[in-house]
Amino acid sequence: MPSIAAQLRTLPALTGDLPDVDPFSLSADPAQAFVDWLLAAIDVGAPEPHALGVSTVDADGQPRSRIVLLTDVADGCWRFATDGRSGKAQDLQGEPRCALTMYWQPLGRQVRIVGRAEQVSEAERRADFLARSPSARASLLAGVPGASLSSVDQMQQQVRRARDRVDREPGLVADDWQVWSVRAEEVEFWQGVSDRGHMRLHYRWDGVRWDRRLIAP
Ligand SMILES: Cc1cc2nc3c(=O)[nH]c(=O)nc-3n(C[C@H](O)[C@H](O)[C@H](O)COP(=O)(O)O)c2cc1C
């Protein structure tokens, strides 16, 4: 049986149909360039192209990453939603600086964002919650994220009770539901290239405008 290291070495990477990108054809506005790449990923059928890696740090400087779903890109900000009692929300309440990462495999494209998160307005928070299906709302209302459970049954019972509540009160919005909006300070686009150096285009907000440069991969 080959070692894990040996098996990993045989795995191909950047196997998709990698587009040839002229870096300076990307929009000078990184949020627009991101939307263009996101739409291209949707067009080629990239699986779950809205899966977004979010990295935060806690009060002790301990970093943690997890996947969430990107819910919008608007006004130069990237948005996602979560429970205010979750680890990520607690981290962001103490330290709003965070990092976001996306990878679209069929295109060999990665985007990395560094910025500051803040919560959206009460009206937008409510609208996000109410736009979710009744079963999604029930599972979001069912328990406290990270709380210990004595059994799988206990969780299922909590979801069933929450579902009854959602059916009785269709306008109900979970008090702890939060939508976070990350204003970017740096955005980096990376395009894998099969037979040449990969492309990295880095945008940095200098306080007035976006400074954009091509950097070594
Ligand atoms: C594909 C996928 C999508 C997810 N979407 C979300 C999401 O939108 N919001 C969220 O809070 N958690 C989402 N999760 C769960 C998180 O990755 C994480 O496990 C959970 O939020 C607890 O993380 P935390 O304790 O670090 O806050 C998703 C997980 C996966 C795999």
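Residues numbered from 1 in each chain as written. Predicted model: local features only at pLDDT ≥ 70, side-chain atom pairs only at ≥ 80, totals over all residues. Heavy atoms only, no water.

A. Quick look at the overall build of the protein. Regarding its fold elements, the protein presents six helices and eight strands. Of the regular secondary structure in the protein, the N- to C-terminal order runs α-α-β-β-β-α-β-β-α-α-α-β-β-β. Along the longest, intermediate and shortest principal axes, the C-alpha atoms of the protein span 60 × 55 × 40 Å. A total of 217 residues make up the protein; the buried ones form 37% of that total. Sequence separation of at least 24 residues holds for 64% of the intrachain contacts in the protein that already meet a minimum separation of 6. Here the protein displays about 12500 Å² of accessible surface, and carbon together with sulfur accounts for 51% of that area. (Helix = DSSP H or I, 4+ residues; strand = E, 2+ residues; numbered from the N terminus. Buried < 20%, exposed > 50% of the residue type's maximum accessible area, 1.4 Å probe, protein only. Contact = heavy atoms within 4.5 Å. Areas by Shrake-Rupley, 256 points an atom, 1.4 Å probe, with all protein chains shown as cover.)

B. Local environment of the pairing of strand 4 (residues 97–104). Side chains of strand 4 alternate between two faces, with Cys98, Leu100, Met102 and Trp104 buried and Arg97, Ala99, Thr101 and Tyr103 left unburied. Across three bridges, the pairing between strand 1 (residues 51–57) and strand 4 is antiparallel. Paired with Ser55 across the bridge in strand 4 is Ala99. The antiparallel pairing of strand 4 with strand 5 (residues 109–119) creates a hairpin that spans four residues between the two strands, and Gly108 there sits at a positive phi of about 60 degrees. (Pairing = 2+ DSSP bridges.)

C. View of the site of the ligand. Surrounding the ligand, one finds Glu48, Arg66, Ile67, Val68, Leu69, Ala81, Thr82, Ser86, Gly87 and Lys88. For the ligand, an oxygen atom lies 2.7 Å from a polar atom in the side chain of Arg66. A distance of 3.1 Å is found between an oxygen atom of the ligand and a backbone nitrogen or oxygen belonging to Leu69. Residue assignment for the shell around the ligand shows that the elements contributing at least two residues are strand 2 (63–74), strand 3 (77–83) and helix 3 (87–94). The biggest single contributor to the shell around the ligand is strand 2, with four residues. (Near = heavy atom within 4 Å. Polar contact = N/O pair within 3.5 Å; in protein donor to acceptor, adjacent residues only side chain to side chain.)

D. Region of interest: the packing of aromatic side chains. By the definition in use, this model includes six aromatic pairs. What links up through ring pairs into an aromatic cluster is the set Phe34, Trp78 and Trp104. (Phe/Tyr/Trp six-rings, centres within 6.5 Å; stacked < 30°, edge-to-face > 60°.)

E. Just the environment of Arg204, in detail. Looking at the secondary structure, you find Arg204 in strand 7 (residues 199–205). As for Arg204 and Val73, which are separated by 131 residues in sequence, their C-alpha atoms are 18 Å apart. In this view, Arg204 contacts Glu185, Glu186, Arg209, Trp210 and Asp211; residues no more than four positions away in its chain are not counted. Here Glu186 takes part through its side chain, which lies 3.4 Å from a polar atom of the side chain of Arg204.

F. Inspection of the pattern of salt bridges at higher detail. Within the structure shown, the criterion is met by 15 salt bridges. Residues Glu186 and Arg204 are paired through a salt bridge, measuring 3.4 Å at the closest nitrogen-oxygen approach. With Glu186 in strand 6 (residues 177–191) and Arg204 in strand 7, this residue pair connects regions lying 18 residues apart in the sequence. Glu186 gets classed as partly exposed once you look at its relative accessible area, which sits at 22%. For Arg204, a relative accessible area of 43% corresponds to the partly exposed category. Linking Asp211 and Arg213 is a salt bridge whose minimum nitrogen-to-oxygen distance equals 2.7 Å. (Salt bridge = Lys/Arg side-chain N within 4 Å of Asp/Glu carboxyl O.)

G. View of the packing of helix 5 (residues 134–141) against helix 6 (residues 152–168). Where helix 5 contacts helix 6, the axes come no closer than 8 Å and their chain directions differ by 125 degrees. If you check the angle between helix 5 and helix 6, you find them oblique. The element helix 5 and its partner helix 6 pack so that their crossing is right-handed. Contacts from Pro134, Ser135, Arg137, Ala138 and Leu141 in helix 5 reach Val159, Ala162, Arg163 and Val166 in helix 6. (Axes fitted to C-alpha atoms, helices over the stretch in contact; angles between N-to-C directions. Parallel < 35°, antiparallel > 145°, perpendicular 65-115°, else oblique. Left-handed = near helix turned anticlockwise from the far one by under 90°.)

H. Local environment of a nonpolar patch on the surface. A cluster of nonpolar side chains, namely Ile4, Leu8 and Leu11, defines an oily patch on the protein surface of about 340 Å² accessible area. Turning to its location among the elements, Leu11 is positioned in the loop between helix 1 (4–10) and helix 2 (30–43). The exposure class of Leu11 is exposed, given its relative accessible area of 55%. (Patch = residues over 30% accessible without salt bridge, like charges linked within 9 Å, V, L, I, M, F, W, Y side chains within 5 Å.)

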